[in-house]
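The chain contents come next:
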Amino acid sequence: MTLLYFAWVRQKIGLSEERFPLPLQVATIADLVETLRARGGGYAEAFAQPRRLHAAINQEHARFDARLRDEDEVAFFPPVTGG
Amino acid sequence: MRAIRIQTADFDPGAECSALAAGRPGIGAVVAFTGLVRGDDGLSALTLEHYPGMSEREIARHVEEAETRWPLQGVAVIHRVGSLVPGERIVLVAVASAHRRAAFEAAEFLMDYLKTRAPLWKQERRGAKTEWIEASDADEDAAIRWRRA
């Protein structure tokens with residue numbers, strides 16, 4: 001899948017986009033958050049408080065229990081502050 | 001007519017409103033909201049980031065919802081991204097309808113949803129210090145009141 005990061009999530013991880021083959025044990029966004037957090041470093045910082053994060057699957061807001069497919073584009077970002 | 005644009009360039013609110021109503025005599029009301037960068041507490045600049053593709057789609061979804069709730073004849077939503085200084089225009093929501101009430105209400109609905117759902121983020125700069133703005137509960141409450149029972 002493709003992972004995208006925005007705002008301070010992007011800054012902590014140090015990347016705006018990466019390819020990430022969906023591991024077998026990762027079924028939902030919540031699972032993905034745990035897997036990414038376990039990478040440590042900036043990932044651990046970015047995903048330290050998942051409640052502060054929002055996610056989108058294929059450019060639509062998604063809940064953390066939403067299921068993932070390897071062809072998905074998944075984005076993580078802070079609560080939005082446009083307007 | 002529907003125009004949704006995310007751009008770094010400035011826009012002309014008057015020209016956008018004229019374009020919405022041009023050649024369509026059934027339009028009796030155009031309501032436009034223009035948001036400006038407010039230079040309070042020593043703010044020197046705002047930098048806006050967005051999720052290209054999703055921001056346009058998310059705005060389009062809310063414009064479609066507005067069109068089901070009010071009899072609208074035209075909507076323009078323009079949001080700037082990049083670096084902006086106090087006093088600069090940042091966002092335009094313009095709505096055209098036969099009568100004013102629908103135009104006022106739909107413009108407010110769109111602004112409330114833009115602030116809480118469209119994937120855009122503001123970073124403030126004060127001198128050498130930069131900080132991402134935190135989402136506001138007041139903005140969330142403003143959007144929630146539009147939910148249908």
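Keep in mind the model is a prediction, meaning the values are calculated, not measured.

## Quick look at the sheet that holds strand β1 (residues 2-7) of chain B
Residues and elements named next belong to chain B.
(1) Moving on: Spatially, 4 strands are ordered β1-β4-β6-β2 in an open sheet, and the strand pairing comes out mixed. Across the chains shown, the open sheet's two edge strands, defined by having one partner strand only, are β1 and β2 (29-36). Taking each pair of neighbouring strands and ignoring which way they run, the sheet shows an average axis angle of 5 degrees.
(2) Moving on: For strand β4 (residues 72-80) and strand β6 (residues 89-97), the ladder comprises 7 bridges, and the chain directions are antiparallel. Note that in β6 the partner of I78 across the bridge is L92.
(3) Moving on: Here helix α1 (residues 13-21) sits on the sheet in contact with β2, β4 and β6, set at roughly 25 degrees to β6.
(4) Moving on: Each of β1 and β4 is contacted by helix α2 (residues 54-69), which is oriented at about 155 degrees to β1, the strand it contacts most.

## Overview of the sheet that holds strand β8 (residues 129-132) of chain B
All names here are of chain B.
(1) Moving on: In spatial order, the strands read β5-β3-β7-β8; together these 4 strands make up an open sheet with antiparallel pairing. Looking along the sheet, the strands with just one partner apiece sit at the ends: β5 (82-84) and β8. Each strand axis lies, on average, 25 degrees off the axis of its neighbour in the sheet, ignoring direction.
(2) Moving on: Of the strand pairs in this sheet, strand β3 (residues 45-50) and strand β7 (residues 120-126) are connected by 6 bridges, and their pairing is antiparallel. When the sheet's bridge partners are listed, H50 is paired in β7 with L120.

What counts and what doesn't
In this numbering scheme, every chain counts its residues from 1 along its sequence in written order. Think of it this way: whatever chain is written first is A, whatever ligand is written first is 1, and the rest follow in order. Since the coordinates come from a predicted model, pLDDT governs what is reported: local features require at least 70, and pairs of side-chain atoms require 80 or more to be given and counted, while whole-chain, interface and lining totals use all residues. Two strands qualify as a pair provided that DSSP identifies no fewer than 2 bridges between them. Here a strand is any run of E in DSSP of at least two residues, a helix any run of H or I of at least four, and the numbering for each starts at the N terminus. With axes taken as lines fitted to C-alpha atoms, and helix axes fitted only over the stretch in contact, angles between N-to-C directions fall between 0 and 180 degrees. Note that contacts rest on C-beta atoms placed from the backbone: two residues are in contact if these are within 7 Å.

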